[in-house]
Amino acid sequence: MVSTNVSQTAHDKIAVIGKKARAASLIMAKASSKQKNNVLLTLTDLLGKNLEDLLKANNLDIVEAEKNGLSKAFIDRLTISVDTVAQMAAGLRQIASLRDPIGEITDVRPQPSGIEVGKMRVPLGVVAIIYESRPNVTIDAAALCLKSGNAAVLRGGSDAKHSNAFLAGLVQQALSKNGINSDAIQIISDPDRDLVGELITAREYIDVLIPRGGKGLISRLMQEA
């Protein structure tokens, strides 16, 4: 009975997140290049202004990792430094400077009827990304999804839950400051593994699922998705 209740709760949580993401994806699909770039540049500013609090959030994850006896190499991947934040900001500026991929038309070919047929790049919709340990991926993943006009549901490793939640909060602030629904980027901070199982099978809400991690993570997703 306990297991059934937990699964149902996980299902309900993913349904709520999925519905919000789907609604936000319709807004993101219509966002202009200027809006999307402004979100990325606003996020760059927020990273600088909130550096001290971000490092404090990251330190909570580091302390927990040390208590759990995780390796030095793992903790190194988990750690956010001033240089790490500078790299995040540089990455955001670089993505903002890229040409907007949405609306680009390629492979135009004339047809016997006289019309021309080509391929147009359009947003995917809702992208779910599951990744491990490195909290900077939260910014990278969110930025790429936003630039390409998509909403995203992010699930980082539980060892970085404080860092990931803080970073996702900054992304949502940047969205709100530019008049875009903050649900366009959502993060699942709850460590409940049942949520991953529900997320990777939520086909009514998720259009694309991207795993970024070790063989164990990718193997699970291939078996269950």
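Details of the structure are given in the entry above.
For the structure given in this document, a descriptive report is provided here. (Residues numbered from 1 in each chain as written. Predicted model: local features only at pLDDT ≥ 70, side-chain atom pairs only at ≥ 80, totals over all residues. Heavy atoms only, no water.)

Our next topic: the environment of I206. Relative to the assigned elements, I206 resides in the loop between α8 (193-199) and β6 (208-212). Ignoring any residue separated from it by four or fewer positions in sequence, one finds I206 in contact with R22, V126, A128, V153 and L199. (Helix = DSSP H or I, 4+ residues; strand = E, 2+ residues; numbered from the N terminus. Contact = heavy atoms within 4.5 Å.)

The subject of this paragraph is unusual backbone geometry. In this structure, D107 is a non-glycine residue whose phi angle is positive, near 55°. Among the structural elements, D107 can be located in strand β1 (residues 105-110).

Looking now at the sheet that holds strand β5 (residues 185-187). The pairing of strands in a sheet happens through backbone hydrogen bonds and is either parallel or antiparallel. Strand order in this open sheet of four strands is β5-β4-β3-β6, and the pairing throughout is parallel. For this open sheet the edge positions go to β5 and β6, each flanked by a neighbour on one side alone. For this sheet the average axis-to-axis angle between neighbouring strands, irrespective of direction, equals 15°. Bridge analysis of strand β3 (residues 126-131) against β6 gives five bridges, and the strand direction is parallel. Note on β6: the bridge partner recorded for Y131 is R212. Against the sheet, helix α6 (residues 136-147) engages β3, β4 (151-155), β5 and β6, with an angle of about 165° to β3. Its contacts with the sheet put helix α9 (residues 215-224) on β3 and β6, and the angle it makes with β6 is roughly 155°. (Pairing = 2+ DSSP bridges. Axes fitted to C-alpha atoms, helices over the stretch in contact; angles between N-to-C directions.)

All right, on to the side chain of N58 then. If you trace the backbone, N58 turns up in helix α3 (residues 51-67). Note on N58: relative accessible area 1%, which makes it buried. (Buried < 20%, exposed > 50% of the residue type's maximum accessible area, 1.4 Å probe, protein only.)

Our next topic: the pattern of salt bridges. For the structure on display, the rule yields nine salt bridges. Residue K56 is joined to E52 by a salt bridge in which the shortest nitrogen-to-oxygen separation is 3.6 Å. Here K56 pairs with E52, and both are found in helix α3, just four residues apart, close to one helical turn. For D107, the salt bridge identified is with K119, shortest N-O distance 3.6 Å. Residue D107 is found in strand β1, and its partner K119 is found in strand β2 (residues 116-120); the two are separated by twelve residues along the sequence. Residue K119 is classed as exposed on the basis of its relative accessible area, which comes to 54%. Connected through shared salt-bridge partners, R99, E104 and R121 make up one network. (Salt bridge = Lys/Arg side-chain N within 4 Å of Asp/Glu carboxyl O.)

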